[in-house]
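# Structural characterization, general
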Amino acid sequence: MPAHDVLIIGAGLAGQRAALAAAEAGATVAIMSKVHPVRSHSVAAAGGINAAISLADDWRSHAYDTVKGSDFLGDQDAIEVMCSEAPKEVMHLEHIGVTFHRNESGELDLRAFGGASMKRTAYVADITGQAILHVLYEQLMKHGDKIDRYEEWFTTSLIVEDGACVGVVARDIRTGAMEIFTAKNVILASGGAGQCFKPTTNGLICTGDGIAQAYRAGAPLMDMEMIQYHPTTLVENGFLITEGARGEGAHLLNANGERFMEKYAPNKMELASRDVVSRAEQTEINEGRGVGPGGVGIYLDVTVVPKKRTLEALREIVNIGKDFAGVDITKEPIMIRPGQHYIMGGVKTDVDGRTPLEGLYAAGEVACVSVHGGNRLGANSLLDTLIFGRRAGEHAAARAAGMRMPSVSRAPLNDDAKMIESIIARPKGSGRRVSEIKDELGTTMNRYVAVFRDEQGLQTAHEVVRRLKEEAKTAYIDDRGTVFNQDVLGAIELGYMLDCAEAIVVAAIERKESRGAQFRTDYPERNDDEWLKHIDISRNGDDTPRISYSEVTFTQWQPEERKY
Amino acid sequence: MAEATEFTLRIRRYDPESGEAPYWDEHTIELEPHRSVLEGILQAKARFDGSIGIRCSCKAAICGSCGVRINGQPGLACHTHLDHALRSSRDGVIEVEPMGNMPVIKDLIVDMDAVHWKKIQRVTPWLITDDESMPEREHIVPRESMVDITQSMACIQCGACVSDCLSMEADPLFVGPAASAKAYRFVGDPRDTQQYQRLKDLAEDPHGIYTCTHCFKCIDACPKGVAPMSQIMRLRRRATGDHHIVDRNNGERHEVSFVTLIKDYGLLHEAELLPRSFGGNSWFGKFHPAAGQVLLQSLPVITKAVLRGKVSPKLALLGHKLPSQDLKAVKKIYEKVENRPERLELNLYITGYDEDDEGAATPAVAAAGNGQHGAEPGQPGQSPEGSPTR
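In short, a report on the structure. Residue numbering note: each chain is counted from 1, following its sequence as written. As they are written, the chains are lettered A onward and the ligands numbered 1 onward, keeping that order. With pLDDT at 70 or above as the cut-off, local features in this predicted model cover only qualifying residues; side-chain atom pairs require 80 or more to be listed or tallied, and sums for whole chains, interfaces and linings still use all residues. Values shown for side chains rest on all heavy atoms present in the structure; no hydrogens or waters enter the calculation.

The contact criterion used throughout is that any non-hydrogen atoms of two residues lie within 4.5 Å. Of the residues lining the interface, 78 residues belong to chain B; the matching set on chain A comes to 73 residues. What counts as buried area is the accessible surface, traced by a 1.4 Å probe, that two parts surrender upon association, with contributions from both included. Both faces considered, chain B and chain A share a buried interface measuring about 6400 Å² in area, 51% of it formed by carbon and sulfur atoms. Here a salt bridge means any side-chain nitrogen of Lys or Arg lying within 4 Å of a carboxyl oxygen belonging to Asp or Glu. Across the chain B-chain A interface, the total number found is nine salt bridges. Two residues, R174 of chain A and D111 of chain B, come together in a salt bridge whose shortest N-O distance is 2.6 Å. Under this definition, polar contacts are N or O atom pairs within 3.5 Å; protein pairs additionally need one hydrogen-donor-capable and one acceptor-capable atom, and for neighbouring residues in sequence, both atoms have to be side-chain atoms. The interface formed by chain B and chain A contains 40 residue pairs in polar contact (both at pLDDT 80 or more). The way it works is that DSSP assigns letters per residue, a run of H or I at least four long becomes a helix, a run of E at least two long becomes a strand, and they are numbered from the N terminus. Broken down by secondary-structure element, the contributors of at least two residues to the side of chain B that touches chain A are α1 (37-47), β6 (104-106), α3 (113-122), α4 (143-153), α7 (176-187) and α16 (348-351) of chain B. The element contributing the most residues to the side of chain B that touches chain A is α4 of chain B, with six residues. Taken together, the residues of the side of chain B that touches chain A sort by class into 38 nonpolar, 16 polar and 24 charged. Throughout, the ten residues Ala, Val, Leu, Ile, Met, Phe, Trp, Tyr, Cys and Pro are labelled nonpolar, Asp, Glu, Lys and Arg are labelled charged, and all others, Gly among them, are labelled polar.

Right, dumping it as structure tokens:
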């Protein structure tokens, strides 16, 4: 039975950074992921990473922009930690090999990004996430003697004994073998839950596993209602078009050819925060000024960016335009619309990644520190994963040094093995197909829990989610095998998604105001008197979410009206 | 938007638990023609058979999970449109198979650890710098150097190039296209302090950079424009032109002899190639014993080539003759290329689309970080694109 000081679930940026930090601190470390680490969804982060590294910049300015971007729901102590440590982290990345693009003097170049008061986004063309992820994996290979890698292992549950997390049960996807992994500390770094929505920019693997596992193990979730819709996703298929495009100067145009952002954000225009831009686009579309068939899109005009610059700094979206929309973005505008992209909420943690459940940490999109509050700024997510991944790794390693390896019974393994057997044994045709339920969930969430929300729609969504939860209990699959049985994992993931979706909907119903990404047409104003607080969701024994609140932490900045 | 159309997929299935041989499985799906083959497979999985095995996640050609062969061509399933795939099919059915050169685990899932990742490990895939301590600021490096290696950083490790590498098929120990591109990511990175050692290592390895036979398959296969073969050629140019590594595989001298032969004759002179590859341009070198040995070993191949009319013994021995004005034109090209102050390298990140006319008009950029190595004009490997042996 493998036993480690620190066991990390998920091998994207947060997970790999945590593993490297914990190993450097002397802990025995294992990192486990249901996919090969370089397939993790951090790979899709395009635009860059924010850090106040310019001599003209100050981390406080970065922190203020983040606070304002969060619509004052972000916890300012955590934001201060993230922004003040950002420059050092970026230098660390540069030093271990990330190929950040340079300016003419050979220093890190910085590009403009949404909601930022100055250029502070370091980048590698428009493959920043990929570049950092692959470089971290280079480091995992380099330190292969110190970090055990369990690639293509699927975590089925967290093991909690005497009120502390002491390991996980996991299945080797390749062989179907089940195993208990004992750990003094478990760090969840398994990403977001974008697959609850359809379409989404998120990969098929983003099924909220960690959020649901923590929730089931008794850890509370926070800010779950805050779902980011990215302003520029391809109308064709929901693919992400990086905010870097607007950072490099691209315009948004409606059917009349107007740069409509001047109505909504006269100062920052296209580079207002994402919630603001997405709402503006959706308003244009809803009021009949959308472009393309059915008027469901908006034009993103990259032709105003010098071609040479587009080819070296936005090459990925040149390819996406060419390959997936048949558009040469250097010559003509491309049709985009807001699309589900990120969840600000997640497993509630402190600035060291600790959840209220002892021995359990969380970092990255799975977690809610909360540095993003009601709305995340572009290029702050990579930063979030790395800063809090590292801090969680370091803290977990230090905690491990002073404790004994817990002993774990085999009961959880037997439970999970039985659970998997029972899914496989469900007779065909007994209920709905897992894929059908997933489809209905995604469509429902995207219809009712999107840019604009109201009580009625949210209640409808809740009813659907509750029904789907029932239907999922008898949903059947086709694959009866053990080797790479992706079908059975899909059924387990569906359960994770449904838990996440319910928490999202319940929190969105609860917050009766408009703040950040949550815009309630029935409560269109921000209401600081009643709602300047986090909504926490924990699981009651009977599988219904329980709502509580926690305070927002303020340090330097008081709430003010938010204008871009 | 186009209407949904029916497409039939013929998927290669293999169930390792059944004890049965692989077989073909057909499903008809309904999607708009611009949707991807992956979406087709996912629809078949969702509607008809959830047991079809394929790795996938992002659907947007960035995670590198869904490398397969479609109608025999390696690539990403998510990066191939159904209508395109239909056009290249033999019989109106889109054929999807697992990638080659790697063992199949189940259906379309191959064992990348056993081949691909092992080869990546082989090239010491991490940056080596002298200073392991944490610096206050970043390394100062030329702007172009980072744009340049972005081409190899763009590799998503999907394995499509490995799948159809002919040299790897012939020599499974060949380091291969993906790992070579990874190696260039460090060799081209001015921050790395082990460039000479890396090049020496890959040049001296009998399964290293000189094993590539320039078949271009990896360039065709790569969904990200990494052009692995170009990276291999750049490794060679760095090894020969910049670091003058004379390797035991005779790779360097073989390249030099190609370049000088074309310069001297305008066309290849087969009879001279072997002696020069061993003895260089010196007259005595022609009698290098190793040359004789290789000549003996090659006799069956030479005989076959002659019998099939691929080589004319007369021309091979006496050399091809070019009209003098053509030979002059060739020499002019040499002069022009050799007199450039810097070596020029193609890089799509800088030059644009491969098929773009505008881009092609300004085809090349100075090799990044090349200045400090002081590449001398007149050295081999100075041609702007590809190896001289192409």
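The rest of the description comes next.
Residues and elements named next belong to chain B. Taken as a whole and assessed by the stated rule, the structure comprises 87 salt bridges over all chains. Between K263 and E338 there is a salt bridge, and its shortest N-O distance comes to 3.5 Å. Separated by 75 residues along the polypeptide, K263 in helix α11 (residues 251-265) and E338 in helix α15 (residues 324-338) bring together distant segments of the chain.

All names here are of chain A. In plain words, nonpolar cores are sets of buried Ala, Val, Leu, Ile, Met, Phe, Trp, Tyr and Cys residues tied together by side-chain atoms within 4.5 Å. For every residue, the accessible area obtained with a 1.4 Å probe (protein chains only) is divided by the maximum for its type, and the residue is called buried under 20%, exposed over 50%, and partly exposed between those limits. Judged by nonpolar contacts, the single largest core of 171 residues is most densely connected at I49, F100 and I132. Top element by residues in this core is helix α3 (residues 76-96). It accounts for ten residues. Ignoring any residue separated from it by four or fewer positions in sequence, one finds I49 in contact with V90, L93, F100, R120, T121, A122, T128, I132, A379, L382, L383 and L386. In terms of nonpolar packing, the next biggest core, distinct from the first, is built from 86 residues, L158, V186, I424 and I537 among them.

A few words now on the packing of aromatic side chains. Remark: the centre distance and the inter-plane angle together describe each pair of aromatic rings, the angle taken between the planes. All names here are of chain A. The pairing test for Phe, Tyr and Trp rings, Trp by its six-membered ring, is centres within 6.5 Å, and the orientation test on the planes gives stacked under 30 degrees, edge-to-face over 60, and tilted for anything in between. On inspection of all chains with the given rule, the structure shows ten aromatic pairs over all chains. Taking 6.4 Å as the distance between ring centres and 15 degrees as the angle between the ring planes, the aromatic pair formed by F154 and Y496 counts as stacked. Of the two residues, F154 sits in strand β7 (residues 153-161) while Y496 sits in helix α15 (residues 486-510), which places them 342 residues apart along the sequence. Taken together, a centroid distance of 4.6 Å and an interplanar angle of 75 degrees make the contact between F239 and F324 edge-to-face. Here the residue F239 occupies a position in the loop between β11 (227-234) and α6 (244-247), and F324 occupies one in helix α10 (residues 315-325), the gap between them amounting to 85 residues. Both residues of the pair, F239 and F324, count as buried. Taken together, Y150, W153 and F181 form an aromatic cluster joined through their ring pairs.

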